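Coordinate inspection notes
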Amino acid sequence: DTGVSQNPRHKITKRGQNVTFRCDPISEHNRLYWYRQTLGQGPEFLTYFQNEAQLEKSRLLSDRFSAERPKGSFSTLEIQRTEQGDSAMYLCASSPLGGYGYTFGSGTRLTVV
Amino acid sequence: AQSVTQLDSQVPVFEEAPVELRCNYSSSVSVYLFWYVQYPNQGLQLLLKYLSGSTLVESINGFEAEFNKSQTSFHLRKPSVHISDTAEYFCAVRLQGGSEKLVFGKGTKLTVNP
């Protein structure tokens, strides 16, 4: 068990480019969550999956954001046409079905220049 | 909708002093409560949680938190802090029987000075 793995750790991109992040949860965890954390703020919920089904999406998740978990294992979060306001730490977490605490990954820090 | 207020954005203390990090929440329904700790350049780690039962919960590294329903609070305390406790601490809530999402406070940066 290597915990929740996120790649890349850092991403610098130019405004208008598309970016994709990957999250590999703990293997036996059914639930996977994406959060965004900006400087000086707590993490904000974006979306979560139970297996491959996306069960909840935040209004923060604009139409430029899309997340997938195609086989119920790893997940990807894509941001299209990035804006400077998208600069943040993107956190992934997972939990087992019926679990109450998440295990977080170390995050992907996105900088849009 | 539920919300979390962490009243202090920064708390500086000296080593071996006691500390209390305050957390208040707002929710129209019952919630589960959590404290997470984030060390520099790392992800969040679960410190302790209140689900039900005894209102006083403890972590393995000496922190404790007490759920107070009447005051809608879940303050985190430690009687004697170490330099290694320097980190950011986040309080979070989750609805009982509802959405799976956690709602976090803005965090409290604890700095322990020698």
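Criteria and cut-off values
Residues numbered from 1 in each chain as written. Chains lettered and ligands numbered in written order. Predicted model: local features only at pLDDT ≥ 70, side-chain atom pairs only at ≥ 80, totals over all residues. Heavy atoms only, no water. Helix = DSSP H or I, 4+ residues; strand = E, 2+ residues; numbered from the N terminus. Rg over C-alpha atoms; globule rule 2.2 N^0.38 Å. Buried < 20%, exposed > 50% of the residue type's maximum accessible area, 1.4 Å probe, protein only. Contact = heavy atoms within 4.5 Å. Areas by Shrake-Rupley, 256 points an atom, 1.4 Å probe, with all protein chains shown as cover. Lys, Arg positive; Asp, Glu negative; His and termini not counted. Charge placed at Lys NZ, Arg CZ, Asp CG, Glu CD. Core = buried A, V, L, I, M, F, W, Y, C linked by side-chain atoms within 4.5 Å. Pairing = 2+ DSSP bridges. Axes fitted to C-alpha atoms, helices over the stretch in contact; angles between N-to-C directions. Salt bridge = Lys/Arg side-chain N within 4 Å of Asp/Glu carboxyl O. pLDDT = per-residue confidence, 0-100. Buried area = accessible area lost by both parts, 1.4 Å probe. Polar contact = N/O pair within 3.5 Å; in protein donor to acceptor, adjacent residues only side chain to side chain. Nonpolar A, V, L, I, M, F, W, Y, C, P; charged D, E, K, R; others polar.

1. A short note on the overall build of chain B
A count of helical and extended segments in chain B gives zero helices and twelve strands. N-terminal to C-terminal, the α/β element order of chain B is β-β-β-β-β-β-β-β-β-β-β-β. A compact globule built from 114 residues should have a C-alpha radius of gyration of about 13 Å, and chain B, at 14 Å, falls within 12% of that. Taking the principal axes of the C-alpha coordinates as reference, chain B spans close to 45 × 30 × 25 Å. In chain B, which comprises 114 residues, the share counted as buried stands at 46%. Counting only contacts in chain B whose residues sit at least 6 apart along the sequence, the fraction spanning at least 24 positions is 56%. Looking at chain B as shown, the accessible area adds up to about 5500 Å², and 49% of this sits on carbon and sulfur atoms. The average position of the 9 basic charges and that of the 10 acidic charges among the side chains of chain B differ by 10 Å.

2. Observations regarding the nonpolar core
Most often, soluble globular proteins have nonpolar side chains that are buried together. One finds Leu33(B), Trp35(B), Leu47(B), Leu48(B), Phe74(B), Leu76(B) and Tyr89(B) to be the most contacted residues of the largest nonpolar core, which totals 29 residues. The set of elements that each furnish at least two residues to this core consists of strand E2 (10–14), strand E3 (19–21), strand E5 (31–38), strand E6 (44–50), strand E8 (64–68), strand E9 (73–78), strand E10 (87–95) and strand E12 (108–113) of chain B. Dropping the residues within four chain positions of it, Leu33(B) is found in contact with Tyr25(B), Leu48(B), Lys49(B), Tyr50(B), Phe67(B), Phe74(B), Ala92(B) and Val93(B). Counting residues in hydrophobic clusters, the runner-up holds 19 residues, among them Val4(A), Val19(A), Phe65(A) and Leu77(A).

3. Looking at the sheet that holds strand E3 (residues 19–24) of chain A
Residue and element names in this part refer to chain A. Within the open sheet, the four strands sit side by side as E1-E3-E8-E7. Their pairing is antiparallel. At either margin of the open sheet sits one strand with a lone partner, and together these are strand E1 (5–7) and strand E7 (65–68). On average, adjacent strands in this sheet sit at an angle of 15° to one another, irrespective of strand direction. Across three bridges, E1 lies against E3 in antiparallel orientation. Within E3, the residue paired with glutamine 6 across the bridge is cysteine 23.

4. Thoughts on the pattern of salt bridges
The final tally for this structure, using the stated rule, is ten salt bridges over all chains. Close ionic contact of Glu100(B) with Arg31(A) constitutes a salt bridge, the shortest N to O distance being 3.1 Å. Of this pair, Glu100(B) sits in the loop between E10 and strand E11 (103–104) while Arg31(A) sits in strand E4 (residues 31–37), on two different chains. Across the pair, exposure class does not vary: Glu100(B) and Arg31(A) are buried alike. In this structure, Arg22(B) and Asp8(B) form a salt bridge, with 3.0 Å as the shortest nitrogen-oxygen distance. Pair noted here: Arg22(B) is in the loop between E3 and strand E4 (24–26) and Asp8(B) is in the loop between strand E1 (3–5) and E2, with a separation of 14 residues, a long-range link. It is possible to trace a salt-bridge network through shared partners that takes in Glu20(B), Glu64(B), Glu66(B) and Arg77(B).

5. Side note on the confidence of the model for chain A
Looking at chain A as a whole, its pLDDT mean stands at 93, while 99% of the residues score no less than 70. Confidence scores differ between elements of chain A, with strand E6 (residues 53–57) of chain A showing the lowest mean pLDDT of 92 and E3(A) the highest of 98.

6. Description of the interface of chain B and chain A
With 20 residues of chain B in contact, the opposing surface of chain A contributes 20 residues. A combined buried area of about 1600 Å² lies between chain B and chain A, and 54% of that area is made up of carbon and sulfur atoms. Where chain B meets chain A, there are one salt bridge. At the boundary of chain B with chain A, the tally comes to eight residue pairs in polar contact (both at pLDDT 80 or more). Those elements giving two or more residues to the side of chain B that touches chain A turn out to be E5, E6 and E10 of chain B. Broken down by element, the residue count for the side of chain B that touches chain A peaks at four residues, all from E5(B). For the side of chain B that touches chain A, a count of residues per class yields nine nonpolar, six polar and five charged.

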